[in-house]
Amino acid sequence: MKTRFSTLDIMCIVNEIQKYKGMRLQRVYDIDHKTYLFKFQLNSEKCVILLESGVRLHVTNYEWTKNEAPSSFSMKLRKHLSNKRLEKLTQMGFDRIIDLQFGVGEAAYHVILELYDKGNIILADKDYIMINILRPHTEDEKQKFFVKEVYPNSRPKIRLSPPTEDSLIQVLKTAKPSTNLKKFIFSNFPNCLDYGNSLLEHMLISGGFSTNTKIGVEFNIDTDIQKLMNCFIIAEKFLDNITTLKEGFIIQKIDRQLLPDGTMKELCTNQEYHPFLFAQHQNLPSKTYGSFNEAVDEFYSNLESQKYDVKCMQQEKGAVKKLQNIVKDHEERLKKLQDAQDEHKFKAELITNNLDLVDRTIQFVRQAVAKQLHWDEIWDMVRQLNFEDEGCTYAIVTNLKLGVNHITLKLFDPYNEENHNEENGQLIDIDLSQSAFGNAQRYYGSKKQSAIKEKKTIDSSSTVLKMAEKKTKQTLKDMQVVASINKVRKTYWFEKFYWFISSENYLVIAGRDAHQNEVIVKRYMKSSDVYVHAGFSGATTVIIKNPTNQTVPPATLNEAAVMAISYSVSWSLKMNLQNAFWVKPEQVSKTAPTGEYLTTGSFMIRGKKNYLPATHLILGLSFLFKLEDSSIPRHANERKVKGIEYEALDKIAENNDEFENIPSENESDEDLEKKIELQNKETPYVVNDDGKNLEVKTDNKHSEKYENEQESLRSDDETSKDVIDKTSIPNCNNSCETVEKSNLVSSDSDDDDDKQNEVHNLDRKNETVKPQVLKRGQRGKLKRIKEKYKDQDEDEREMRIKLLHSSMNEDKKLKRAKKKDKKNKKSTDKNKTTGNKQTFIKPLPMLLEASNDTTQFEVQKEPIKKSEDNENSDDETDKATDLTETQMLDSLTGIPYAEDELLFAVPVVAPYTALTNYKYKLKLTPGNTKRGKASKTCLNLFLKDKTSTTREKNLMKSVNVQDIARNIPNGVKLSAPSLSKVLNK
């Protein structure tokens, strides 16, 4: 199959694209690291030119999947080429190099596309000084392809003249006899390299030679030299007239497969594209297009789907061959049984026709054995026996098997004199313990047993073959389903990283290695995102994508912390309850403090590190299903920011001890780590099977009180679920804001409304915060509130709050403000007398903020450098990307409905709390099971789910096991209901 442009292809394509000169470049996009799209426009006319380094250049009419975020190379091209005219498009010399000139004079720039070897794309200025290079390298220690170097004008080759007759004869005489003519002239004449393989074959066939012509056999140097010279003339004329070619051709190949039902399936695949139908392709299937560019565009646009078709065809051939092998094996078994019957019958008849002779032989050997003679002596006596009658031999003893009481006789048919030579005898094992008649009966019995086996085989053959055929048809059907799914399957940009979608619909990504850690920070981290890290060397970098620019909720932060800890050494060491931290993107820096040296592979975290609660190493494995557009509204708000419910308050009550030791301004990182370590020893956590709730193990002294409180809380929770106003959620990006314990939704009185909107902003440098369990009176009040508003949904609640706020007059607002100031003053005085301690209720586990410091972590192998081009990216691209990302996340669901139209399945490994509501999930904790075995077990478990639909099973079966396993940490323990049944099977 053809994989890249030849020199002839470049000559044709450059000639066809000349009509687009004068159009302005609007935008540059990248499909992958080698392929770029140049979007041009002139008035209402538009076109898109596709450049792939080392492969092709052509105008495309198809939609290509672009990277979500432009690469630095794309940004550099945008910076220098945007809104410039395409002034020239030429082939450099007679080489596979294309020069695209944008702008004129001092403002001219050149994009040089190299389409040979590993390829390259180079951006150069008017003097061909290289500004940016896709693949910097050095050739022959002389030509350097780096920024600020001059692109060598001597690099492109020139068109060579054809060889003369004398030089042709001289070179041909050096060829060995029977050397292939085509291969010899291709490797010995430089201009034939410029022709390419296709034109070389065309000129030989047009000149009267076959492609298999051998020198000294079909080709004679003395008589055929003129014919060969004529071939070179044909090739040169073709090159001279190549600009007159108007059509394009795709050479195809047809594969045929006979299916079990007797139908013939054909698969037509594209093999090559050419600007001319060469002589060697005249009798091959082909397709004609209006231009060569159109043929190239069609060829590459269908390349991926064609690969799936070919793979499916190969799998179908394997399935059909397996069925054919079953049929063939069945036929061979029947034939062996029939042959065995014939053989046993023939042996029995021979013994019957030679009863006396066989009996005499048996008696003779028995007597010799009875005399206790040595076996060698017995053998010598047997060889002297001569069973002849009137000169005809009827039996010969060929072997003694006295160990099993057998001898081997070569018997002949006494009624057929033609068979009385030694070559036509039949070797028969004779049992010495039986008479001749008994041996005959034994063979007749064997013949009968073979006949019974044959009958059973024939009786069962129809059933076996039908089952095999049914299974093969089902396999073929499944393959077709998988092929159709894979054609639709879209690989998302984030799948090359570790990733998951949080329970609140935030995309979270992490690097697989040091290089990817650099990429996600340099290319994918925006100012609104959140940076999360485990806090020790070698851990992965985690980014929470935040397209909405809203505050990232604590639940998502905690889930990102689980990811940061899990993809680190903590997993292999089974170290639970580790703390991660988050910072803003602007706090991540590569600038070292004055007088210090920042080594390669490290970066600085400046300012406050916001520590998250200690996490357990609990991940989950599941599947997300891609929804068709019409099914997306059915899953609206499936993953949304959670209301701060009473269940969250229950967790706070259980986790009070975890947040007692909050660092003051004098505490160092070492002190903080010691406190966290001490805290982990004193208050260990146990994760329930559902992976949701954390329980604190207390000592016996407080256990009874703790159990009574928990029982009371659970009983209240059955009838009451109280929600804290969303407007009081603390802003995680600012200094710590906490919600006072009276910030509960209530409409009983104006005082309750006042309490709802009270928020205290505290300075962490001066104060220490300690959560407190709600009193019983407060829990009862929450219960009454819930009972009163049990039928009120979220939208109605928000509307009532807005109406309530709008009805307040200015006097009432002023009165409430004075009351609040007075209360704050009292609170401040109280803090001074109690050692700056104040109790607050938090909506979710608190984010611990360490004191201001600067920390260095070694997690990357190369420095991070913020590209200045990223700063110049236009806002409309960012907005479009944010919108597209949100829509993309909404189109993926873990809770498919029966009426949904599902396109494909995507395996995901995420913190188990993010998968709580998913239909398919398997818990992963540190263990010894390898990721490959774990992925297979997971798939088998999901496929055995009785609630799964056929479509869901087909989608999950279409996923490659390697894709499931790639995000699973090394060494896991699997946990799921009915998992033991799957493992036992």
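These numbers were taken from a predicted model, which means no experiment stands behind them.

Details of the overall build of the chain
Reasoning step 1: Helix and strand counts for the chain stand at 27 helices and 39 strands.
Reasoning step 2: Considering the chain as a whole, with its 985 residues, one finds that 47% of them fall into the buried category.
Reasoning step 3: Within the chain, counting contacts between residues at least 6 apart in sequence, those at least 24 apart form 69% of the total.
Reasoning step 4: With the model as given, the accessible surface of the chain reaches about 50,700 Å², and the carbon-plus-sulfur share is 48%.

Some points on the sheet that holds strand E8 (residues 120-125)
Reasoning step 1: Ordered by their spatial adjacency, five strands build an open sheet running E5-E6-E7-E8-E9, and the pairing between neighbours is antiparallel. Taken across any chain shown, the strands that pair with only one partner, and hence form the sheet edges, are strand E5 (86-91) and strand E9 (130-133). Taken pair by pair, the neighbouring strands of this sheet meet at an average axis angle of 20 degrees, ignoring direction.
Reasoning step 2: With respect to the sheet, helix H1 (residues 7-17) is in contact with E5 and strand E6 (97-102), its orientation differing from that of E5 by roughly 155 degrees.
Reasoning step 3: In the packing of helix H2 (residues 72-81) onto the sheet, contacts are made with E6, strand E7 (109-114), E8 and E9, and the angle to E9 comes to roughly 150 degrees.

Here's the deal with a nonpolar patch on the surface
Reasoning step 1: Judged by side-chain polarity, Val-569, Leu-573 and Met-575 come together as a nonpolar surface patch covering roughly 260 Å² of accessible area.
Reasoning step 2: Structurally, Val-569 is set in helix H14 (residues 569-573).

Focus: the sheet that holds strand E3 (residues 45-52)
Reasoning step 1: An order of E1-E2-E3-E4 is seen for the four strands of this open sheet, with the pairing classed as antiparallel. This sheet does not close on itself; its edge strands, each paired only once, are strand E1 (24-30) and strand E4 (56-59). With direction set aside, neighbouring strand axes in the sheet form an average angle of 20 degrees.
Reasoning step 2: For E1 and strand E2 (residues 35-42), the ladder comprises six bridges, and the chain directions are antiparallel. What sits directly across from Val-28, in E2, is Phe-38.
Reasoning step 3: Its contacts with the sheet place H2 against E1 and E2, and it is angled at close to 170 degrees to E1.

Examining helix H7 (residues 292-301)
Reasoning step 1: Within H7, eight of the 10 residues are buried, leaving the element largely enclosed by the surrounding structure.
Reasoning step 2: Those residues of H7 lying buried are Phe-292, Asn-293, Ala-295, Val-296, Asp-297, Glu-298, Phe-299 and Tyr-300.
Reasoning step 3: Residues of H7 that are buried make contact with H1, E4, strand E12 (248-258), strand E13 (264-274), strand E14 (286-289) and helix H8 (303-353).

Remarks on the UniProt feature "coiled-coil region" (unreviewed entry) in the chain
Reasoning step 1: Under the UniProt annotation, "coiled-coil region" (unreviewed entry) lies at residues 313-347.
Reasoning step 2: Along residues 313-347, the helical share is 100% and the strand share 0%, with 50 Å between the first and last C-alpha atoms.

Quick notes on the packing of helix H5 (residues 190-206) against helix H6 (residues 221-240)
Reasoning step 1: Following both chains from N to C, one finds H5 and H6 inclined at 115 degrees, their axes separated by 9 Å at the closest point. As for the relative orientation of H5 and H6, their crossing is right-handed in sense. When H5 is examined against H6, the residues Asn-191, Cys-192, Tyr-195, Leu-199, Met-203, Leu-204 and Ser-206 are found in contact with a partner set consisting of Leu-228, Cys-231, Phe-232, Ile-234, Ala-235, Glu-236, Phe-238 and Leu-239.
Reasoning step 2: Here the contact of H5 with H6 is built from residues that sort into 12 nonpolar, two polar and one charged.

Regarding the nonpolar core
Reasoning step 1: In this structure, Trp-499, Ile-509, Val-532, Ile-544, Phe-623, Leu-924 and Phe-942 are the most contacted members of the largest nonpolar core, which totals 81 residues.
Reasoning step 2: Beyond its immediate stretch of four places on either side in the chain, Leu-924 contacts Trp-571, Leu-617, Ile-618, Leu-619, Gly-620, Leu-621, Val-909, Ile-968, Val-972, Lys-973 and Leu-974.
Reasoning step 3: In terms of nonpolar packing, the next biggest core, distinct from the first, is built from 73 residues, Phe-5, Phe-184, Cys-192 and Leu-239 among them.

Examining the pairing of E4
Strand residues, when the strand is regular, have side chains that alternate between the two faces of the sheet.
Reasoning step 1: Alternating positions in E4 separate into two faces, Arg-56 and His-58 on one and Leu-57 and Val-59 on the other, with burial throughout.
Reasoning step 2: Pairing of E3 with E4, which is carried by four bridges, proceeds in the antiparallel orientation. Opposite Ile-49, over in E4, you have Val-59 as the bridge partner.
Reasoning step 3: Between E3 and E4, which pair antiparallel one after the other, the connecting turn spans three residues, and Gly-54 there sits at a positive phi close to 80 degrees.

A short note on the packing of aromatic side chains
Reasoning step 1: Under the criterion given, the structure shown has 28 aromatic pairs.
Reasoning step 2: Judged by centre distance (6.2 Å) and plane angle (45 degrees), the ring pair of Phe-5 and Phe-292 falls under tilted. Here Phe-5 is found in the segment before H1, whereas its partner Phe-292 is found in helix H7, with 287 residues between them in sequence.
Reasoning step 3: Looking at Phe-292, the relative accessible area reads 0%, which means it is buried.
Reasoning step 4: With a centroid separation of 5.2 Å and an interplanar angle of 80 degrees, the aromatic rings of Phe-299 and Tyr-300 are classed as edge-to-face. Taken individually, Phe-299 and Tyr-300 each receive the classification buried, so the pair is uniform in this respect.
Reasoning step 5: Aromatic ring contacts, followed pair by pair, group Tyr-492, Trp-493, Phe-494, Phe-497, Trp-499, Tyr-524 and Phe-904 into a single cluster.
Reasoning step 6: For Arg-56, the ring lying beneath its charged end belongs to Tyr-300, and the centroid distance is 4.2 Å.
Reasoning step 7: Of note, Lys-923 hangs over the ring of Tyr-912, and the distance from its end group to the ring centre comes to 5.1 Å.

Comments concerning the environment of Ser-206
Reasoning step 1: As for its position among the elements, Ser-206 is in helix H5.
Reasoning step 2: C-alpha of Ser-206 to C-alpha of Gln-280: the two residues are 74 residues apart in sequence and 9.1 Å apart in space.
Reasoning step 3: Discounting residues that sit within four places of it in the chain, Ser-206 has contacts with Ile-234 and Ala-279.
Reasoning step 4: Engagement of the side chain of Ser-206 in a polar contact is seen with the backbone oxygen of His-202, the distance being 2.8 Å.

So, the packing of helix H24 (residues 931-943) against helix H25 (residues 950-957)
Reasoning step 1: Where H24 contacts H25, the two axes come as close as 10 Å, and the packing angle between them is 170 degrees. Classified by the interaxial angle, the pair formed by H24 and H25 is roughly antiparallel. Two secondary-structure elements touch here, H24 through Leu-939, Phe-942 and Leu-943 and H25 through Lys-953, Met-956 and Lys-957.
Reasoning step 2: Looking at the contact of H24 with H25 residue by residue, the class counts come to four nonpolar, no polar and two charged.

Details of the environment of Leu-507
Reasoning step 1: Turning to its location among the elements, Leu-507 is positioned in strand E20 (residues 507-510).
Reasoning step 2: Given a relative accessible area of 0%, Leu-507 falls into the buried group.
Reasoning step 3: For Leu-507, the residues in contact, after removing those within four places along its chain, are Trp-493, Phe-494, Trp-499, Phe-500, Ile-501, Ile-543, Ile-544, Lys-545, Glu-885 and Leu-889.

Focus: the confidence of the model for the chain
Reasoning step 1: Averaged over all residues, the pLDDT of the chain is 76; the fraction at 70 or higher stands at 71%.
Reasoning step 2: Under a pLDDT of 50 for its full length, residues 389-393 has, in the predicted model, seven contacts with residues more than four places off or in other chains.
Reasoning step 3: This stretch, residues 827-877, has a pLDDT under 50; its non-local contacts, to residues over four places away or in other chains, come to 166 contacts.

Quick notes on the side chain of Thr-556
Reasoning step 1: Here Thr-556 is to be found in helix H13 (residues 554-566).
Reasoning step 2: The residues contacting Thr-556, other than those within four sequence positions of it, are Ser-502, Glu-504, Tyr-506 and Ile-544.

Let's talk about the pattern of salt bridges
Reasoning step 1: In the structure shown here, the tally under the stated rule is 18 salt bridges.
Reasoning step 2: With a closest N to O distance of 2.6 Å, Asp-9 and Lys-2 form a salt bridge. You'll find Asp-9 and Lys-2 in the same group, each marked buried.
Reasoning step 3: The salt bridge involving Asp-529 is made with Lys-545; its shortest N-O contact spans 3.0 Å. Of this pair, Asp-529 sits in the loop between helix H12 (514-524) and strand E21 (530-533) while Lys-545 sits in the loop between strand E22 (541-544) and H13, placing them 16 residues apart in sequence. Each member of the pair, Asp-529 as well as Lys-545, is classed as buried.

Let's talk about the side chain of Ser-935
Reasoning step 1: Its place among the elements puts Ser-935 in helix H24.
Reasoning step 2: Take Ser-935: its relative accessible area is 0%, and that puts it in the buried class.
Reasoning step 3: The contact partners of Ser-935, leaving out residues within four places of it in the chain, are Val-961, Ile-964, Ala-965 and Ile-968.

Basis of the calculations
Residues numbered from 1 in each chain as written. Predicted model: local features only at pLDDT ≥ 70, side-chain atom pairs only at ≥ 80, totals over all residues. Heavy atoms only, no water. Helix = DSSP H or I, 4+ residues; strand = E, 2+ residues; numbered from the N terminus. Buried < 20%, exposed > 50% of the residue type's maximum accessible area, 1.4 Å probe, protein only. Contact = heavy atoms within 4.5 Å. Areas by Shrake-Rupley, 256 points an atom, 1.4 Å probe, with all protein chains shown as cover. Pairing = 2+ DSSP bridges. Axes fitted to C-alpha atoms, helices over the stretch in contact; angles between N-to-C directions. Patch = residues over 30% accessible without salt bridge, like charges linked within 9 Å, V, L, I, M, F, W, Y side chains within 5 Å. Salt bridge = Lys/Arg side-chain N within 4 Å of Asp/Glu carboxyl O. UniProt positions renumbered as here; feature names shortened; annotations may be inferred. Left-handed = near helix turned anticlockwise from the far one by under 90°. Nonpolar A, V, L, I, M, F, W, Y, C, P; charged D, E, K, R; others polar. Core = buried A, V, L, I, M, F, W, Y, C linked by side-chain atoms within 4.5 Å. Phe/Tyr/Trp six-rings, centres within 6.5 Å; stacked < 30°, edge-to-face > 60°. Lys NZ or Arg CZ within 6 Å of the ring centre and 35° of its normal. Polar contact = N/O pair within 3.5 Å; in protein donor to acceptor, adjacent residues only side chain to side chain. Parallel < 35°, antiparallel > 145°, perpendicular 65-115°, else oblique. pLDDT = per-residue confidence, 0-100.

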